[in-house]
Amino acid sequence: MCVGIFCFNTMTTKDCFKIGYVSKTHGLKGEVTAVFEVAMAWNGLASLFLDSKGSLVPYLVERISGTADKPFIKFEGVASYEQASTLKGCSIYILKSARPKLKRGGFYDDEVIGFTVEDKAFGLLGQVTEIQSQGVNRLLAISYVSKEILIPVNAPFITSVNKTKKLIQVELPAGFLEF
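We now turn to the structure provided with this report.

Cut-offs and rules
- Residues numbered from 1 in each chain as written.
- Predicted model: local features only at pLDDT ≥ 70, side-chain atom pairs only at ≥ 80, totals over all residues.
- Heavy atoms only, no water.
- Salt bridge = Lys/Arg side-chain N within 4 Å of Asp/Glu carboxyl O.
- Helix = DSSP H or I, 4+ residues; strand = E, 2+ residues; numbered from the N terminus.
- Buried < 20%, exposed > 50% of the residue type's maximum accessible area, 1.4 Å probe, protein only.
- Pairing = 2+ DSSP bridges.
- Axes fitted to C-alpha atoms, helices over the stretch in contact; angles between N-to-C directions.

**Some thoughts on the pattern of salt bridges**
At step 1: Per the counting criterion, the structure on display carries seven salt bridges.
At step 2: In this structure, D110 and K96 form a salt bridge, with 2.8 Å as the shortest nitrogen-oxygen distance. A residue pair is termed long-range when its members are at least 10 positions apart, and D110 in the loop between β8 (91–95) and β9 (116–119) and K96 in the loop between β8 and β9 qualify at 14 residues.
At step 3: Here E111 makes a salt bridge to K163, at a shortest N to O gap of 3.5 Å. Taken together, the residues E111 in the loop between β8 and β9 and K163 in the loop between β13 (158–162) and β14 (167–170) connect sequence positions 52 residues apart.
At step 4: Within this structure, E31, E62, R63 and K74 form a network of salt bridges that share partners.

**Some words on unusual backbone geometry**
At step 1: Of note in this structure, K53 is not a glycine but carries a positive phi near 55°.
At step 2: Note that K53 resides in the loop between β5 (47–52) and β6 (55–66).
At step 3: Here K53 falls in the exposed class, since its relative accessible area comes to 84%.
At step 4: Positive phi, close to 50°, is recorded for V145, a residue that is not glycine.
At step 5: Among the secondary structure elements, V145 is positioned in the loop between β11 (137–144) and β12 (147–152).

**What about the sheet that holds β6?**
At step 1: Strand order in the closed barrel formed by six strands is β3-β4-β7-β6-β5-β8, with antiparallel pairing between adjacent strands. On average, each strand axis in the sheet is tilted by 50° relative to the strand beside it, whichever way the strands run.
At step 2: Relative to β8, β5 runs antiparallel, the two being bridged by two bridges. Each bridged residue has a counterpart across the sheet, and for F49 the counterpart in β8 is Y93.

**Some points on the environment of L124**
At step 1: Among the secondary structure elements, L124 is positioned in strand β10 (residues 123–134).
At step 2: Looking at L124, the relative accessible area reads 58%, which means it is exposed.
At step 3: Remark: the alpha-carbon pair of L124 and I92, spanning 32 residues in sequence, is separated by 38 Å.

Structure, rendered in C-alpha cells:
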C-alpha cells in the first residue's frame, strides 16, 4: 500500500508497536486529539498507523502540536470534523524500528521473547515464553522443569539484560524455585 511517497507492505500489529489511541476530534478542520501511552518525542514523526477494524492503515502526519502525552494530530487527507470523527477510538502504532530507545537494561516486552534466562546460583533456567502483566507488575514467564515460573521484571531480580547475546541474568532469592 502506498500513501504519498511512502509504500508499505501489509502491516500487522506484530510489525508495529502501539503507542496510544485517538481519543476525540479537535476543532473542525480534521485534527484529532491522541493519547500517547508511551513517553516519546513525537516531533519528526512522518507517519503513523491506525488500527481500522483489525487492519493497520498508514497515515502521513501533516503536523503535531499540543503536549507530549496528549498531542493534536493533523493527518494528510483528513480535512473535516466528519473525517476525523471516524478515527476516534483507533489505536495508534509506529514501526518497531521507530520505537524510542530505552535506558540501558530496559526492554520492550516483545523484544525478550525467546531470550535465555540464567540465574547466578542455579544456572540456566530456560527461555522467556511471554511477558505477563498483573496490574502494574510485569513478569517474565519461563518454562522451568516442566512448570511455569514468573519472575518480576524489576530489581533486585533482574541484574542484566544483554540484547546482543539474548541473555537475561537474574538473581533469585533462596527458595524461589522450590515448588
